[in-house]
Amino acid sequence: MSKQQFPIYIPSKGRHESCMTMKALDLMGMDYYVIVEDQQYNDYASVIDKRKLLVLDMDYKRTYETCDHLGDEKSKGAGPARNFAWDHAISHNSGWHWVMDDNIRSFRIFNKNEKVKCETPDFWRAMEDFTLRFSNVGMSGPNYTFFAPSRQKKHPMIVNTRIYSCNFIRNDLKFRWRGRYNEDTILSLDVLKDNWCTILFNQFLQEKMVTQALKGGNTAEFYAKEGTANKSKMIVQVHPDVARLAYRYGRAHHHVDYNVFKKNAFKVRTDINSVKKPVYKFNLIEKHHDTDASDL
Amino acid sequence: MIKLAIKYKKTADLVPYANNSRLHDETQLGQLVASINEFGFTNPVLLDGANGIIAGHGRVMAANVLGLETVPTIELQHLTNEQKAAYVIADNKLAQNAKWDDEILRLELQSLSDADYDLSILGFDEASLSRLLDVAETADAFEEYNQAIEYENKNAGPYKSLIVHFENEQDVDNFKHLIKQNFSNSAKYIYHPLQIRKETESKRYV
């Protein structure tokens, strides 16, 4: 097996000192692009190979559909940079692309009741290959480590649900990222409502820092100032048919009913021979000297 | 009912409605051009009696791209100004509200595809076409997974769990002594016998 077939993009803002996802990908020997705003280019260029840096075209920020009426008063989150990534991938004739958050500490494989860090690029290739077995999957990605308890016998994946923080996206979907908050859920629902399928892998996991624990990104921009109430309200406003708002423990929460998408049936591609089991390089070893991203 | 007459008019003389809210991007314009090339200009442009376009802005743009000097038109001068403004919107929106019978559509597309007809001029993007034309049986995604990637997990949860209540701190201490474990005040659960959390930090998939 080889590296992933499709480009990886990491929008990043104010986190050049941590570069967490980038370090995790470096350990796996992956190529990737980091999308930064012009004013932070020099900060990032001091720690990342300039060939990996893309400067965000600010038109994406100006024209971004925030799904509210607050205009430029508040941060628009990562959505504009994610749309920039999408179009960049299309302009390079790629059929799919990966886009992921910049605060992912490690990528892990969940097998035999252990969640072990992965340093092989086949991590990505396996998800890509499996996704491409179907003609009607629009998006896939790894689940969060904390949603896959080691002691539980989990299915290797959850189908037709939300894909978050690390998304493998089919480029010819008619949708784009939108929403000032909760853009992962909004896009997932856009895709599912259009009868596409999604795959959230439990075997392949992302160890994500708690959203508001790392400085930079959306933390400083809005969560730290206003809590998460607007975030929950937005998803209900954009997709009222499947999302509802609930107040528990003095906080607003949103609940999305993904059961309605169980009817989205998977279709195997007829133009590939997918029966043969691919051979991925997943060798489990003991590593005594630990110097990886989790030591940061 | 007013009888409508089709009259060919110079494309250059037609004036777009200044407040037309319908957008025609390059992709859709290309689709219209391809459609007119294949089928001809079969859908007359609707005019307001003074060469102002009510419906057919995209088709006129396509006619300009193709260099068509004249296009078929129908005059709707009997409409009031409000009716004309409303029709500019309704002509687009009402068509948009119709739904497809996906099964019949798929059969029709398949039939055209079998006849080597160029489906790209129908106005569907590639993703939609590939989805509509896919005739494979619905797959069991989990069975597919079994064929693709090795994965093995078992239920490793407790055999039995029970809640133990303590009336005072002394009872807690006595219990710790009894089971030979020292758990913190914030502990929500323990295992008996004591289980050490599996250490995975020294392991790697490479």
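Residues numbered from 1 in each chain as written. Chains lettered and ligands numbered in written order. Predicted model: local features only at pLDDT ≥ 70, side-chain atom pairs only at ≥ 80, totals over all residues. Heavy atoms only, no water.

### Things to note about the nonpolar core
Inference 1: L25(A), M100(A), F107(A) and W124(A) are the most contacted members of the largest nonpolar core, which has 52 residues in total.
Inference 2: Core analysis: the next-biggest nonpolar cluster, separate from the first, contains 24 residues, L56(A), W86(A), F175(A) and V191(A) among them. (Core = buried A, V, L, I, M, F, W, Y, C linked by side-chain atoms within 4.5 Å. Buried < 20%, exposed > 50% of the residue type's maximum accessible area, 1.4 Å probe, protein only.)

### Observations concerning the sheet that holds strand 4 (residues 70-75) of chain B
Residue and element names in this part refer to chain B.
Inference 1: With mixed pairing, the 4 strands of this open sheet are ordered in space as 1-4-2-3. Strands with a single pairing partner mark the edges of an open sheet, and in this sheet they are strand 1 (6-10) and strand 3 (53-55). Along the sheet, successive strands turn relative to each other by an average axial angle of 50°, direction set aside.
Inference 2: The pairing of strand 2 (residues 45-47) with strand 4 spans 3 bridges and is parallel. Bridge pairing links V45 to T73 in strand 4. (Pairing = 2+ DSSP bridges. Helix = DSSP H or I, 4+ residues; strand = E, 2+ residues; numbered from the N terminus. Axes fitted to C-alpha atoms, helices over the stretch in contact; angles between N-to-C directions.)

### Thoughts on helix 8 (residues 229-238) of chain A
Inference 1: For helix 8 of chain A, the full list of buried residues reads S232(A), M234(A), I235(A), V236(A) and V238(A).
Inference 2: Buried-residue contacts for helix 8 of chain A involve helix 6 (183-193), strand 11 (243-248) and strand 12 (251-256) of chain A. (Contact = heavy atoms within 4.5 Å.)

### Overview of the packing of aromatic side chains
Residues and elements named next belong to chain A.
Inference 1: For the coordinates displayed, the defined rule picks out 30 aromatic pairs over all chains.
Inference 2: Taken together, a centroid distance of 5.6 Å and an interplanar angle of 45° make the contact between F6 and F168 tilted. Of this pair, F6 sits in the segment before strand 1 (8-11) while F168 sits in strand 9 (residues 166-170), placing them 162 residues apart in sequence. Each member of the pair, F6 as well as F168, is classed as buried.
Inference 3: Measuring from ring centre to ring centre gives 5.3 Å for F130 and F134, while their planes differ by 80°; the resulting arrangement is edge-to-face.
Inference 4: With relative accessibility at 1%, the residue F130 sits in the buried group.
Inference 5: A relative accessible area of 2% means that F134 is categorised as buried.
Inference 6: One Lys or Arg, R176, reaches over the ring of W86 and ends 4.2 Å from the middle of that ring. (Phe/Tyr/Trp six-rings, centres within 6.5 Å; stacked < 30°, edge-to-face > 60°. Lys NZ or Arg CZ within 6 Å of the ring centre and 35° of its normal.)

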